Amino acid sequence: MNALIVDDDDFMRVLTSTLLKQLGLPTPWQAADGATALEIIAAHDIEFVVCDLEMPGMDGIALLRHLAQIENPPSVLIFSAKDRRILATALQLAAAHNLDVLGALAKPPTPESLEPMVNALHERRKVRRAPGDGPAPDRLTPDAIVDGLALGHMVMAFQPQVAVGDGRVVGVEALARWDDPKRGLLGPWAFIGVAERAGLIGELTHRALELSVAQAAEWLAQGHDFTVSVNVTIDDLSDVAFADLVLRLLAQQELAPKRLVLEVTESKIMREVAAPLEVLSRLRLNGVGLALDDYGTGASSMEQLARIPFTELKVDRHFVSHALEDPDARAMLESAFLLADRLELTSLAEGVETQQEWDLVASLGCDRVQGYFVAPPLAAARFEAWLPTWQARHP
Ligand code: C2E
Ligand code: CA
Ligand code: CA
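Residues numbered from 1 in each chain as written. Chains lettered and ligands numbered in written order. Predicted model: local features only at pLDDT ≥ 70, side-chain atom pairs only at ≥ 80, totals over all residues. Heavy atoms only, no water.

Here we look at the overall build of the protein
Right, so step 1: Within the protein, the secondary structure is distributed over 17 helices and 15 strands.
Right, so step 2: Relative to the globule expectation of 21 Å for 395 residues, the C-alpha radius of gyration of the protein, 22 Å, shows essentially globular dimensions.
Right, so step 3: Across its three principal directions, the C-alpha atoms of the protein cover 65 × 50 × 40 Å.
Right, so step 4: Going through the 395 residues of the protein one by one, you find that 49% of them count as buried.
Right, so step 5: When contacts within the protein are restricted to residue pairs at least 6 apart in sequence, those whose partners lie at least 24 apart make up 69%.
Right, so step 6: Summed over all atoms, the accessible surface of the protein reaches about 17,700 Å², with 53% contributed by carbon and sulfur.
Right, so step 7: The average position of the 34 basic charges and that of the 56 acidic charges among the side chains of the protein differ by 2 Å. (Helix = DSSP H or I, 4+ residues; strand = E, 2+ residues; numbered from the N terminus. Rg over C-alpha atoms; globule rule 2.2 N^0.38 Å. Buried < 20%, exposed > 50% of the residue type's maximum accessible area, 1.4 Å probe, protein only. Contact = heavy atoms within 4.5 Å. Areas by Shrake-Rupley, 256 points an atom, 1.4 Å probe, with all protein chains shown as cover. Lys, Arg positive; Asp, Glu negative; His and termini not counted. Charge placed at Lys NZ, Arg CZ, Asp CG, Glu CD.)

Next up, the structure:
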């Protein structure tokens, strides 16, 4: 198991290295900064990274963001920062990118504090790597994605979005699933990242839009007046023809543009601006709704909000799930709802799982809720079965 310790403090690196060796790991690699760490990771099969957050040059937060972009990223153990907000940001970022984080470790590390982490590491890698030791054995290959798209293996699940005031279903988010003939239903983790890296996300988004718009048109014909939200990535938006594609799909199904919402992730909007801005503005001018997804996990949130004509703010589920015990998360929630209100955006809290969380976001001024407390993402037929029972409880 190849480990890497990233810390600008020589003493911490040597100490951690010694302790990890005592716990049975081979001599770990060491890096004094983020850039060197990335070089080592690129050249060796690193499975485990112990990472300091406060470093000169590329700091630990930036390093985590880079790690999230590599195929089969290592598990991560974070040295706790002096400022708890930095640590919270790091954990949040890691969670948003589905990085496997073992935990946060106080400095200096001790055998007692490291041992449970290393045990957890062995457990995780066993699960993730079994049975062979190949790269990411559980994800689809690009070829399988191309074939599966042609065979109709990608399907959409729909998760309701309801108004906090009266519980009315006002929208659904369409979430991609892979109906694999051998392995059953797989979540986005199995194919979205692969598709993005293999340049296949355009085809995937096209299919997702097609399926979602057709479903929304069908529901509208049945008298269900709600929006459908579809996730798009920056790569989709950097092609200026994307706006025409979306408008054409809507026209084909005779669905009014205002019934479609595109969800864009904050951290991904930041990198490139010109083309996405043109695409988003054109779609918005034509009436398509725009939601800023995972709000709070990126960096220049305010800037994005001022520049792009969003209609909806989706606050990341991290803040909802921590708000009951963490005053910082709660403050973040409240200010997000307030900001949405000022900018005349619809606010939506993601990941509401309990009555308590519902009550909390309601009291903080949230407009809409999406989460397991209402319903998980459901196949279209199951959604249709769920809807009347929910409506009966919220006349
Ligand atoms: P997201 O857009 O933030 O989607 C919300 C995720 O939170 C979904 O996971 C949903 O199942 C989950 N979720 C909803 N309510 C709750 C809750 O109460 N508690 C918890 N713990 N989780 C909840 P899912 O379906 O696995 O999707 C993961 C991510 O995959 C999405 O995050 C989105 O970024 C991406 N994704 C899904 N479908 C598509 C797609 O068609 N295109 C693109 N580009 N990305 C997609
Ligand atoms: Ca989303
Ligand atoms: Ca989200």
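Description of the coordination of the calcium ion (ligand 2)
Right, so step 1: Surrounding the calcium ion (ligand 2) are the protein donor atoms Glu173 (OE), Asn231 (OD1), Glu263 (OE) and Asp293 (OD), at 2.1 to 2.4 Å.
Right, so step 2: Sequence positions of the donors to the calcium ion (ligand 2) reduce to the motif E-x57-N-x31-E-x29-D.
Right, so step 3: Distance-wise, the calcium ion (ligand 3) is placed 3.9 Å from the calcium ion (ligand 2), both being coordinated by aspartate 293. In this pair, asparagine 231 sits in strand β9 (residues 227-232) while aspartate 293 sits in strand β11 (residues 289-295), placing the two residues 62 residues apart along the sequence. (Donors = N, O, S within 2.8 Å, 3.2 Å for Na, K, Ca; no water.)

Examining the site of ligand 1
Right, so step 1: Surveying the vicinity of ligand 1 reveals 21 residues, the closest of which are Gln159, Ala176, Arg177, Glu353 and Tyr372.
Right, so step 2: The side chain of asparagine 231 places a nitrogen or oxygen atom 3.1 Å from an oxygen atom of ligand 1.
Right, so step 3: One of the side-chain N or O atoms of aspartate 294 is found 3.3 Å from an oxygen atom in ligand 1.
Right, so step 4: Contact with the protein chains covers 81% of the free accessible surface of ligand 1, which is 800 Å².
Right, so step 5: Per-element accounting of the shell around ligand 1 gives the leading share, 4 residues, to strand β7 (residues 169-180).
Right, so step 6: By residue class, the composition of the shell around ligand 1 is 9 nonpolar, 5 polar and 7 charged. (Near = heavy atom within 4 Å. Polar contact = N/O pair within 3.5 Å; in protein donor to acceptor, adjacent residues only side chain to side chain. Nonpolar A, V, L, I, M, F, W, Y, C, P; charged D, E, K, R; others polar.)

As for the coordination of the calcium ion (ligand 3)
Right, so step 1: Those donors, Asp293 (OD), Asp294 (OD), Glu350 (OE) and Glu350 (OE), are the protein atoms that reach the calcium ion (ligand 3), and they lie 2.1 to 2.7 Å from it.
Right, so step 2: Of note, the donors binding the calcium ion (ligand 3) are all from one chain and are spaced D-D-x55-E.
Right, so step 3: With relative accessibility at 10%, the residue glutamate 350 sits in the buried group.

Some words on unusual backbone geometry
Right, so step 1: With an omega of -10°, the peptide bond between lysine 107 and proline 108 qualifies as cis.
Right, so step 2: Of note, proline 108 is situated in the loop between β5 (101-105) and α5 (111-129).
Right, so step 3: Notably, glutamate 254 is not glycine yet its phi reads approximately 50°, a positive angle.
Right, so step 4: Note on placement: glutamate 254 falls in the loop between α10 (242-252) and β10 (260-265).
Right, so step 5: Even without being glycine, glutamate 344 reaches a positive phi, approximately 55°.
Right, so step 6: Along the chain, the position of glutamate 344 falls in the loop between α15 (327-342) and β13 (346-350).
Right, so step 7: Take glutamate 344: its relative accessible area is 72%, and that puts it in the exposed class.

Things to note about the nonpolar core
Where a protein is soluble and globular, its nonpolar side chains tend to be buried together.
Right, so step 1: Counting 81 residues, the largest nonpolar core has Phe242, Leu260 and Leu262 as its most contacted members.
Right, so step 2: With 8 residues, helix α8 (residues 201-221) is the largest single contributor of residues to this core.
Right, so step 3: Once you skip the residues sitting within four places of it in the chain, leucine 260 turns out to touch Leu209, Val213, Val228, Val230, Val246, Leu250, Val288 and Gly289.
Right, so step 4: If you look at the next biggest cluster of nonpolar residues, it comprises 24 residues, including Ala31, Met55, Ile61 and Leu63. (Core = buried A, V, L, I, M, F, W, Y, C linked by side-chain atoms within 4.5 Å.)

Here's the deal with the packing of α8 against helix α17 (residues 380-393)
Right, so step 1: The geometry of α8 relative to α17 is characterised by a closest axis approach of 12 Å and an angle of 30° between their N-to-C directions. For the pair α8 and α17, the sense of crossing is right-handed. Facing Gln215, Glu218 and Trp219 of α8, the residues of α17 in contact are Ala380, Phe383 and Glu384.
Right, so step 2: In the contact of α8 with α17, the residues fall into 3 nonpolar, 1 polar and 2 charged. (Axes fitted to C-alpha atoms, helices over the stretch in contact; angles between N-to-C directions. Left-handed = near helix turned anticlockwise from the far one by under 90°.)

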